[in-house]
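Understanding the architecture of this molecule
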Amino acid sequence: MNRTKRIAAAAVSSLVVGVLAAGCGGSSDDGSGGSVTLRVNLFGQFGYKDLYKQYESEHPGVKIVESAEGDLGKYNTKLSQQIAANAAAGDVVAIEEGQTVNFLQSADKFVNLQEHGFAEIKDDYLPFVASAATTADGKTTIGLGTDVGGLAMCYRRDLFEKAGLPTDREEVAKLWPTWEDFIATGEKFQAGIGDDKIHFVDAATNTYNSILMQGGDETYFDRDNKLVVESNPAVMNAWGLANDMIEAKLTAKLVAFSDEWNAGFKNGSFATVACPAWMTGYIKGQAGDGFAGKWDIATVPGGGGSWGGSWLSVPKSSKHQKEAIELIKFLSSKTGQLGAFKSEGRLPSLPALYDTPELKDAKNDYFNNAPTGQLFVAGAKNLQPVYLGAKNVPVRDAFENVLRSVENGQRSASDGWGEAVKAAQKAAK
Amino acid sequence: MRIRDRFIKTEARVAPYAFVSPFFIVFAIFGLFPLLYTLWVSLHDWSLLAGDQGYVGFANYRELMQDPDFWRALTNTIGIFVLATVPQLILATVLAQVLNGKLRGRTFWRMGVLLPNVTSVAAVGIIFGLIFARDYGIVNWALGHVGVEPIDWQGHRWSSWLAISVMVDWRWTGYNALILLASLQAVPKELYEAARIDGASAWRQFWSITVPMLRPTIIFVSIVATIGGVQLFTEPLLFGSGVNAIAGGSTGQFQTVAMYLVQQAFTGQRFGYASTVAWVLFLLIAIFAVINVALLRRIKSVD
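Residues numbered from 1 in each chain as written. Chains lettered and ligands numbered in written order. Predicted model: local features only at pLDDT ≥ 70, side-chain atom pairs only at ≥ 80, totals over all residues. Heavy atoms only, no water.

1. Some details on the environment of Met167 of chain B
Residue and element names in this part refer to chain B.
- Here Met167 is to be found in helix α7 (residues 157–184).
- By relative accessible area, which is 0% here, Met167 ends up buried.
- As for Met167 and Gln264, which are separated by 97 residues in sequence, their C-alpha atoms are 25 Å apart. (Helix = DSSP H or I, 4+ residues; strand = E, 2+ residues; numbered from the N terminus. Buried < 20%, exposed > 50% of the residue type's maximum accessible area, 1.4 Å probe, protein only.)

So, in structure tokens, the structure goes:
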């Protein structure tokens, strides 16, 4: 072997070793004095940065790396792929409310938390939070709840004033005990503001979903996962009210979380947004400091309701299951949930926290010092658990799309319902 | 000695296969296996997370043939493809001609036309989404100055197709122009000189020399554009941002086949049905490629 050849051989063999080592993944982590890197996969902002620091200092040798995907749809697609392939999902993953039933279909690919002391902490959570991440036979629990989307209504004080409506949150709440009153208020707003570029609500779909989730118990599917859109009055009711809103021209016709919706916050193209607790952080981020104090929060029409909420799970593909379970226990504990509430406004799913001074006295200065703790706790206390079937997301998408097409004038309102039912039947396949 | 001879003989016979094997091994793993596995999945009722729900034969294919959403997606794909590719190739040819001529700072311009292609497609999608935004988009703002009512670019079929085509063209025209430029430089200069002496205008030179000499390259470029066009995904996806962007507008007016595939697989959780879409898409691309090859043959025989 001459020199060049030897060097080449050495290069090749080191390359091979390198590839093999990389293929083995975390093996190097376990070897060197118990140091472990935990990868946490989330969507949006959970407000965990400070909690990680605390956890790392209390658990020497544990390092936490978070990756947060801003687009929930993209996140769900990726997570489904990773769970289906049983690989690369990370050590801790967040599951959004609409997806829990879906992932329960492959509960065997998640660590069963019942084998890790779930029974002891189960009763600390809101009842539906504990049951939503548990399989129908009650034997497997795949996630610990982090927060719930107790609903309120965020509104623009300055626009309300311009339209000649009251601005005080108590009085605003009195304007809309029901959704019918909300629509009537919207008509007054539209007449008062006299500007066809400013609308009362952002989109028919967001309001529609809020109303639907107040319906209680079930929406598109019954507990046998049978499609019940035509027989469930909750769907009809929400659909009808959303169409009334469209007809009264109260909506800015925006797609939630789109670039235009985001631009709408900055340009002030709508005066109200259905507002789960986590939305306060989003509004602040999108509207920016220029709108501080112009936003405020009132109770939601119809009293209570829910939009969103999350669970933390450990996929079986994780190489550090033990450490990951400890971490999700911490993040969903009282300390963890309070930390997330403080930094991102996420409403805890542990009712024991609702009476603590941290929540009771919490105010949000961006929202004109609205007592966020009290407002959202009120929403959460009235929160009725809703069963969402495994195909909830595609059916909801189908319904929203048809509603949007009515809103945009692509379909007549009378065609809408039939189209929506048809689209739902197809999506439920 | 005899053993060694035999060994050498075998080696001589086997070695060539061994040398070419990496391609076939890689192809078998990353090309053939997924293809056949997709076919296998497409014959099943297969839920993404719940797994295989049983063999259904060609039921998925039968359903697909009667699925109006699929046909709509296919119409969109072909529509956007035609709307994007035709002006793109014409523009690229003209651009190549210009870049081939006497131009100050030629290298700068040649590099310049490739820049859009280097840009991340996500950035392109976001920027064009904002340019064609309904409420605060720059296009509607400009149109407003000449008294045109704001257009809901995402709301109609024609306008969304147009906006997406502009996006595709912006990215790919320069790239194709450079490929055409490369083959233009192989055209003998004498042809142009002779034409100039004969008093041919620049337009005449372009039409009578450039275009005929470029024909094979144009065909090549259009095959590549066809494959890209049939698989069009990212631009329309990013054009409709926000929740459920994969639906391509509220009536699916700009949902392409590739988007429909992803929607069925990951939102609808119908892995078997999505595999069916994938296979039909694969067949469609094959058909398009065959048509292209046939065209190529004909043009060669003309020469």
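Moving on from the model shown.
2. Some words on helix α14 (residues 279–287) of chain A
Residues and elements named next belong to chain A.
- For α14, the complete set of buried residues consists of Met279, Thr280, Ile283, Gln286 and Ala287. Angularly, the buried residues of α14 cover 135 degrees about the axis, an arc narrow enough to put them on a single face.
- Immediately downstream of α14, the backbone of Gly288 shows phi near 85 degrees, a positive value. (Arc of directions from axis to C-beta.)

3. Digging into the UniProt feature "transmembrane region" (unreviewed entry) in chain B
- With numbering matched to this structure, UniProt assigns "transmembrane region" (unreviewed entry) to residues 20–40, 78–99, 111–133, 213–233 and 276–296 of chain B.
- The span residues 213–233 of chain B carries 86% helix and 0% strand; its end-to-end C-alpha distance comes to 33 Å. (UniProt positions renumbered as here; feature names shortened; annotations may be inferred.)

4. Notes on the side chain of Gln264 of chain B
- Along the polypeptide, Gln264 of chain B turns up in helix α11 (residues 257–267).
- When sequence neighbours within four positions are dropped, the list of residues in contact with Gln264 of chain B reads Lys426 of chain A together with Gln269, Arg270, Tyr273 and Ala274 of chain B. (Contact = heavy atoms within 4.5 Å.)

5. Brief notes about the pairing of strand β2 (residues 62–69) of chain A
All names here are of chain A.
- Strand direction decides the pairing type here: strand β1 (residues 36–43) and β2, joined by 8 bridges, are parallel. Looking across to β2, one finds that Val40 is bridged to Glu66.
- Crossover β1 to β2 through helix α3 (residues 49–58) is right-handed. (Pairing = 2+ DSSP bridges. Right-handed = clockwise from strand over helix to strand, strands pointing away.)

6. Concerning the packing of helix α11 (residues 204–214) of chain A against helix α19 (residues 392–407) of chain A
Residues and elements named next belong to chain A.
- α19 packs onto α11 with a crossing angle of 135 degrees between their chain directions and a minimal axis gap of 9 Å. As summarised for this structure, α11 and α19 are arranged oblique, according to the angle between their axes. α11 and α19 meet at a crossing whose hand is right-handed. Between α11 and α19, the contacting residues are Ala204, Thr205, Tyr208 and Asn209 on the first element and Arg396, Phe399, Glu400, Leu403, Arg404 and Glu407 on the second.
- In terms of residue class, the contact of α11 with α19 is built from 4 nonpolar, 2 polar and 4 charged. (Axes fitted to C-alpha atoms, helices over the stretch in contact; angles between N-to-C directions. Parallel < 35°, antiparallel > 145°, perpendicular 65-115°, else oblique. Left-handed = near helix turned anticlockwise from the far one by under 90°. Nonpolar A, V, L, I, M, F, W, Y, C, P; charged D, E, K, R; others polar.)

7. Some thoughts on the interface of chain B and chain A
- Residue-level contacts link 31 residues of chain B with 34 residues of chain A.
- Between chain B and chain A, roughly 2700 Å² of surface is buried when both sides are summed, and carbon and sulfur atoms account for 50% of that area.
- Three residues, Leu49, Tyr136 and Ser250 of chain B, lead the burial of chain B against chain A; their summed loss comes to 25% of the area buried on that side.
- At the boundary of chain B and chain A, one finds 3 salt bridges.
- Between Glu63 of chain B and Lys429 of chain A there is a salt bridge, with its nearest N and O atoms 3.2 Å apart.
- Secondary structure elements with two or more residues in the side of chain B that touches chain A: α5 (121–131) and α11 of chain B.
- For the side of chain B that touches chain A, the element with the most residues is α11 of chain B, which contributes 4 residues. (Buried area = accessible area lost by both parts, 1.4 Å probe. Salt bridge = Lys/Arg side-chain N within 4 Å of Asp/Glu carboxyl O.)

8. Side note on the domain arrangement of chain B
All names here are of chain B.
- The assigned domain composition of chain B is domain 1 (1–56) and domain 2 (62–300).
- Computed from C-alpha atoms alone, the centre-to-centre distance between domain 1 and domain 2 is 35 Å.
- Taking both sides of the interface into account, the surface hidden between domain 1 and domain 2 amounts to around 910 Å²; carbon and sulfur atoms contribute 70%.
- Per-residue buried area on domain 1 facing domain 2 is highest for Leu35, Ser42 and Leu48; these three make up 49% of the total on that side.
- In this structure, the connection of domain 1 to domain 2 is made through 0 salt bridges.
- Put simply, domain 1 and domain 2 have 4 residue pairs in polar contact (both at pLDDT 80 or more) between them. (Domains from an automatic or database assignment. Polar contact = N/O pair within 3.5 Å; in protein donor to acceptor, adjacent residues only side chain to side chain.)

9. Topic: the pattern of salt bridges
- If you walk through the whole model with that rule in mind, you get 17 salt bridges over all chains.
- Residue Arg346 of chain A pairs with Asp147 of chain A through a salt bridge whose shortest N-O separation is 3.1 Å. With a gap of 199 residues between them, Arg346 of chain A in the loop between α16 (334–344) and β10 (347–348) and Asp147 of chain A in strand β4 (residues 144–156) connect regions that are remote in the sequence.
- Between Asp69 of chain B and Arg72 of chain B there is a salt bridge, with its nearest N and O atoms 3.3 Å apart.

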